[in-house]
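# Chains, contacts and geometry: an overview
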Amino acid sequence: RRPVPYRQKDGLMQKVTILCTGKLKEKFYLDAVAEYVKRLNRFCKLEIIELPEQRLPQTPSEGEIAQALEKEAALIESKLLPGASVIAMCVEGKPMSSEQLADYCGKLTVSGTSKICVLIGGSCGLSERVKKKAALRLSMSPMTFPHHLARVMVLEQIYRALNIAAGGKYHK
């Protein structure tokens, strides 16, 4: 049985925007992202926006990192959707199970929020300024992952959460 698309009570699909710092180049990441984009199109209107990562020297100073994060923050803020619930991916965020994420997305929908914006920082993460705009700081793990792999993992978890919310069996 195919899952029913995840729809708002007014019949509109939820819009999910992934704002990512950095561009994917490796074919295996591009292939994985393409697969989850295809799967997610049954559940939501998905948009992935890649923002340029600031270049840093091989061993950047704290000041250089802070300056780069602030420039990236300005780009992220310029792309935030009005009225969207913002989720910032960060290691210090709240860990959630797939079922808890599905419940969170479902509660957003019930409350009338039809737009979710997920923020994935570059290799230095996200600025505190951007994290403060988030309704949820979410962590996949206390481990560190390459931000390109994090994009694939976030897409998979969003797919899993929306599938769970639609009554699918993917998470079993």
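One structure accompanies this document, and this report is about it. (Residues numbered from 1 in each chain as written. Predicted model: local features only at pLDDT ≥ 70, side-chain atom pairs only at ≥ 80, totals over all residues. Heavy atoms only, no water.)

## As for the layout of surface pockets
Any space left empty among the atoms is revealed by the rolling of a water-sized probe across them. In plain terms, the rule: Here a cavity denotes a set of grid points, spaced 1 Å apart and computed over the protein atoms alone, in which a 1.4 Å probe fits but from which it cannot get out, and a pocket denotes an open set meeting protein on both sides within 12 Å along at least five of seven lines; residues with an atom within 4 Å of a point are reported as lining. Grid points are joined across faces, edges and corners, and a volume is the space filled by probe spheres set on the points. Every helix listed is a DSSP run of H or I at least four residues long, and every strand listed is a run of E at least two residues long, numbered separately from the N terminus. Amino acids are sorted into nonpolar (Ala, Val, Leu, Ile, Met, Phe, Trp, Tyr, Cys and Pro), charged (Asp, Glu, Lys and Arg) and polar (every other residue, Gly among them).
There is about 460 Å³ of room inside the largest pocket. Lining the largest pocket are 23 residues; nearest its centre among them are Met89, Cys90, Val91, Gly125 and Phe145. For the lining of the largest pocket, the element with the highest residue contribution is strand S3 (residues 85-95), accounting for four residues. Looking at the lining of the largest pocket residue by residue, the classes come out as 13 nonpolar, eight polar and two charged. Each pocket or cavity is described by its volume, and for the second largest pocket that value is around 210 Å³. Taken together, 17 residues form the lining of the second largest pocket, with Met89, Leu101, Leu138, Met140 and Gln157 sitting closest to its centre. Of all the secondary-structure elements, those providing two or more residues to the lining of the second largest pocket are S3, helix H3 (98-110), strand S4 (115-120), strand S5 (136-139) and helix H5 (147-165). For the lining of the second largest pocket, the leading source of residues is H5, giving four residues. Residues belonging to the lining of the second largest pocket are distributed by class as follows: 14 nonpolar, three polar and no charged.

## Points about the packing of aromatic side chains
Formally: Any pair of Phe, Tyr and Trp rings, taking the six-membered ring for Trp, is counted once the centres come within 6.5 Å. Such a pair is stacked with planes under 30 degrees apart, edge-to-face with planes over 60 apart, and tilted for the rest. Partly exposed residues are those whose accessible area sits between 20% and 50% of the maximum for their type, while under 20% is buried and over 50% is exposed, using a 1.4 Å probe and protein chains only.
In the structure shown here, the tally under the stated rule is three aromatic pairs. Ring centres of Phe28 and Tyr29 lie 4.4 Å apart, and the angle between their planes is 45°; this geometry places the pair in the tilted category. Of the residues examined, Tyr29 reaches a relative accessible area of 12% and is grouped as buried. Members of the aromatic cluster, joined through ring pairs, are Tyr36, Phe43 and Tyr159.

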